[in-house]
Amino acid sequence: METIGIFYGSTSGTTKSAAIEIQKAFGKNADIHDIKDINIDMIARYTNLIFGTSAWGIGDMQDDWEDFIDNLSGIDFSGKKLALFGLGDQDEYPESFVDGLGTLYCRLPDKSVVVGSWPTEGYSYYFSLADKDGKFVGLVLDEHSQAASSAERISRWISQLKKEFI
Ligand SMILES: Cc1cc2nc3c(=O)[nH]c(=O)nc-3n(C[C@H](O)[C@H](O)[C@H](O)COP(=O)(O)O)c2cc1C
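Here is a short report on the structure shown in this document. (Residues numbered from 1 in each chain as written. Predicted model: local features only at pLDDT ≥ 70, side-chain atom pairs only at ≥ 80, totals over all residues. Heavy atoms only, no water.)

Details of the layout of surface pockets
Rolled over the atoms, a probe as big as a water molecule pinpoints where empty space is left. Empty space within the largest pocket amounts to approximately 310 Å³. As for the largest pocket, its lining consists of 19 residues, and the residues nearest its centre are Ser54, Ala55, Trp56, Gly88 and His144. Here the lining of the largest pocket is composed, by residue class, of six nonpolar, 11 polar and two charged. (1 Å grid on protein atoms, 1.4 Å probe; cavity = no way out; pocket = protein on both sides within 12 Å on 5 of 7 lines; lining within 4 Å. Points joined across faces, edges and corners; volume = space filled by probe spheres on them. Nonpolar A, V, L, I, M, F, W, Y, C, P; charged D, E, K, R; others polar.)

Shown next as structure tokens:
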């Protein structure tokens, strides 16, 4: 498999920790970058990409993603695969659960390259922008309400990505 570039935005560290766990699961085959420290060339060089964001209110991505997202239109995504993951809190924010993930997906310049959709079973929420036609647009992790499930979810998602990535 081609090298994977993991790009995350994280305010209090949970999305960063999840990104590190995802990197570990791929082993030497994955690099990890904080979205606030990068330029578009660093994304463009990878064939397999993973973007991760937390949620900060109705429709809101993590701030560093909000600052960066418009730069994605300068990248040619053809020939790439892109998987997304999102962090949120379904107990405190059941009406905008993992909205950051949904907004990140909505604002991608090329959605045709997205892989790694994830079942909504096992989560409890009223509304989520990340829920498209009964599936999440990427892996959903909740370190506040369901922390005990994260390791197994990451492991299952990575098995799926190993088939979907190039
Ligand atoms: C002010 C505030 C607003 C939040 N809004 C949402 C939200 O709308 N939906 C959600 O699922 N989680 C929400 N969260 C929970 C965060 O997404 C969650 O704590 C996440 O793990 C933070 O990740 P980070 O530290 O990597 O940025 C909110 C948290 C705070 C403090």
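Side note on unusual backbone geometry
Residue Val98 is not a glycine yet carries a positive backbone phi of 40 degrees. Mapped onto the elements of the fold, Val98 is located in the loop between strand E4 (81-87) and helix H4 (99-106). With relative accessibility at 1%, the residue Val98 sits in the buried group. A positive phi angle, near 55 degrees, is found at Asp133, a position not held by glycine. With respect to the secondary-structure elements, Asp133 resides in the loop between strand E7 (131-132) and strand E8 (135-136). (Helix = DSSP H or I, 4+ residues; strand = E, 2+ residues; numbered from the N terminus. Buried < 20%, exposed > 50% of the residue type's maximum accessible area, 1.4 Å probe, protein only.)

Description of the site of the ligand
Taken together, 18 residues lie around the ligand, and Ser10, Ser12, Thr14, Thr15 and His144 are the ones closest in. For the ligand, an oxygen atom lies 2.4 Å from a polar atom in the side chain of Ser12. Isolated, the ligand exposes 640 Å² of accessible area, and the fraction of that covered by the protein chains is 84%. If you map the ligand onto the pockets, it falls in the largest pocket. For the shell around the ligand, the residue count by class is six nonpolar, 11 polar and one charged. (Near = heavy atom within 4 Å. Polar contact = N/O pair within 3.5 Å; in protein donor to acceptor, adjacent residues only side chain to side chain. Areas by Shrake-Rupley, 256 points an atom, 1.4 Å probe, with all protein chains shown as cover. Sits in = over half its atoms within 2 Å of the grid points.)

Notes on the sheet that holds E8
Strand order in the open sheet formed by three strands is E6-E8-E7, and the pairing between neighbours is antiparallel. The open sheet has two edge strands, strand E6 (118-119) and E7, and neither has a second partner. Here E6 pairs with E8 via two bridges, running antiparallel. Among the inter-strand pairings, Trp118 is bridged to a residue of E8, identified as Phe136. (Pairing = 2+ DSSP bridges.)

Concerning helix H5 (residues 150-164)
An ideal rise of 1.5 Å per residue puts 21 Å on 15 residues; H5 measures up with 21 Å between its terminal C-alpha atoms. Every buried residue of H5 is listed here: Ser150, Arg153, Ile154, Trp157, Ile158 and Leu161. Here the buried residues of H5 occupy an arc of 130 degrees about the axis, which is enough to place them on one side. For H5, the elements touching its buried residues are helix H1 (14-26), strand E3 (48-54), E4, strand E5 (114-115), E6 and strand E9 (139-141). (Expected span 1.5 Å × (residues − 1). Arc of directions from axis to C-beta. Contact = heavy atoms within 4.5 Å.)

Observations concerning the pattern of salt bridges
On inspection of all chains with the given rule, the structure shows five salt bridges. For Lys24, the salt bridge is made with Glu21, and the minimal N-O distance between the two is 3.1 Å. With a gap of three residues between them, Lys24 and Glu21 both fall in helix H1, about one helical turn apart. Since its relative accessible area comes to 57%, Lys24 is described here as exposed. Residue classification places Glu21 among the partly exposed positions, given a relative accessible area of 38%. With a closest N to O distance of 2.8 Å, Glu152 and Arg156 form a salt bridge. (Salt bridge = Lys/Arg side-chain N within 4 Å of Asp/Glu carboxyl O.)

So yeah, pure geometry; function would need other evidence.
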